[in-house]
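Letter by letter, the chains look like this.
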Amino acid sequence: MMRSLLWSALLLCAIPAQADVPSKPGVDAPELAFIGPSPVGYRMLTFTHKNQPDIENAAGFDAPVALRDRRLQVSIWYPAQAPKTGATSMVYRDTLWGEPPRQPVSFSQKGIAIADAAPEGRRHPLIVISHGYSNNPAVMTWLSENLASKGYVVAAIHHQDPNPYVSSATTRAAPNFNRPRDIVFVTERLRTELGNQIDPDKVALIGYSQGGYGVLTACGASLDPDGPNMSLVAGGWLTKFARGTKEAGSLKVAGVKAVVALAPGGGFPKSAWGPEGLKEITAPLLLIQGDQDPVVDYKSGALAVFGATVNAERYLLTYKQAGHSIALNHVPDEMRGSLWDMDWFEDPIWRQDRINAINLHFITAFLAVHLRGDTAKKSYLDVSDPDSDKGEWNAPAGTPWGSYSPGAPEASLWKGFQRRHARGMELRHAQPAK
């Protein structure tokens, strides 16, 4: 019994201390994933989008749609001054829908941000994050805190989606209308509200799943008037913003410099944009998805978007055998008792902290190139071989085991990865059409 207890204690000690904080990757993370030099502050803003169609609560497609004020909370992470002695880091708390008919399940996760810390610096690039359907910003702090520590102001919208498990088809379709409008509205408010804290000309959009649909639409992909959601959104409101209408341009955020879409919705069973709509995207694009995604079909999802966005420079990072859960924090303790709850967060094949670390590595490089003009970081994106499994590095004798590959021309192992740790991925790249 004593030997068993000692062995359990040793195993617990072996777990990295940062494992409880999603924004701080472990020692096997690729080079650019690690937390940045800036302390991180956190605050919440609330904006009101007045007189918006209340399509979520309409009785059906042909029913009258009332107008109401749409209240949107926005979580803000930002580079901050050194914390005061005794300052306490954030603990994020929220809920996710339980397995029907269960009630929502509450969870908490630790962070590094200090609430209301004094901001540091001026004119930081702005990144706006749109979460997945019925998710919330608390499940993506692996990304928001990490990027804020690297000198970005990160704003994550609380979209407050309807419960998809008990709603009608009309209600479930509401986010297809609300997402891009929320993103456009909040981004423009932040450009004013945050003043000199941000550079309003350096804006990136990041979205996961339904949020991926949102950012692709908000960065310029026009909606197909014959798209699948046109006949679902109550009152025909989505048709008023389809390609060719006078309101179509109001779904676009002006001046977006970079877009990241993780497992983006909108492509299955029929594209929300069609090939013509996706051609309108010109901002640099990083797509990320697992090729066994059971929620958003890979071939009609990120792969199709990659093929159709011919007027943008774009990358497609694919996780072989991974499913849909590629963009949430690792599972919190409160969600480990039920497979339904756990599957919100964790992929059945890949370690979630591993996926997030790789995501951070490539997102960091991508944003550095396109928001900061750091062209040296492009070498982390332009890999020698798209198939990570083919990479090799004959490191000189005496090279520490945890060293990072220098990339081409010395090694075909993807730059910034450790030996034996660039496996199971593919990274495609395409230039815009001339």
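Residues numbered from 1 in each chain as written. Predicted model: local features only at pLDDT ≥ 70, side-chain atom pairs only at ≥ 80, totals over all residues. Heavy atoms only, no water.

(A) Focus on the environment of Phe107. In this structure, Phe107 sits in strand 4 (residues 105–115). According to the relative accessible area criterion, Phe107 is buried, its value standing at 3%. Taking the C-alpha atoms as reference points, Phe107 and Pro228, separated by 121 residues in sequence, lie 34 Å from one another. Here Phe107 is in contact with Tyr92, Arg93, Asp94, Thr95, Leu96, Asn136, Ala138, Val139, Pro332, Glu334 and Met335, once residues within four sequence places are set aside. (Helix = DSSP H or I, 4+ residues; strand = E, 2+ residues; numbered from the N terminus. Buried < 20%, exposed > 50% of the residue type's maximum accessible area, 1.4 Å probe, protein only. Contact = heavy atoms within 4.5 Å.)

(B) Expanded view of unusual backbone geometry. At the junction of Pro100 and Pro101, the peptide bond is cis and its omega measures out at 10° in the coordinates. Tracing the backbone shows Pro101 in the loop between strand 3 (89–96) and strand 4. Omega for the bond connecting Ala408 with Pro409 falls within 30 degrees of zero, at 5°, which places this linkage in the cis form. Within the secondary structure, Pro409 is located in the loop between helix 9 (352–372) and strand 11 (425–430). For Arg123, which is not glycine, the phi dihedral falls at a positive 55°. Tracing the sequence through the fold places Arg123 in the loop between strand 4 and strand 5 (124–130). Even without being glycine, Ser134 reaches a positive phi, approximately 60°. Structurally, the position occupied by Ser134 is in the loop between strand 5 and helix 2 (141–148). Residue classification places Ser134 among the buried residues on the basis of a relative accessible area of 8%.

(C) Molecular detail of the sheet that holds strand 2 (residues 67–79). Across the sheet, which stays open at both edges, the 11 strands sit in the order 3-4-1-2-6-5-7-8-9-10-11 with mixed pairing between neighbours. Strand pairing shows two members of the sheet lacking a second neighbour, strand 3 and strand 11, which therefore form its edges. For this sheet, the mean inter-axis angle between neighbouring strands, taken without regard to orientation, is 25°. Here strand 5 pairs with strand 6 (residues 153–158) via 5 bridges, running parallel. Its bridge partner lying in strand 6, Ile127 is registered against Val154. Packing of helix 2 onto the sheet brings it into contact with strand 1 (40–53), strand 2, strand 3, strand 4, strand 5, strand 6 and strand 7 (198–208), and relative to strand 2 it is tilted by some 55°. Sheet strands in contact with helix 4 (residues 174–193) are strand 1, strand 2, strand 5, strand 6 and strand 7, and its direction is about 120° off that of strand 1. (Pairing = 2+ DSSP bridges. Axes fitted to C-alpha atoms, helices over the stretch in contact; angles between N-to-C directions.)

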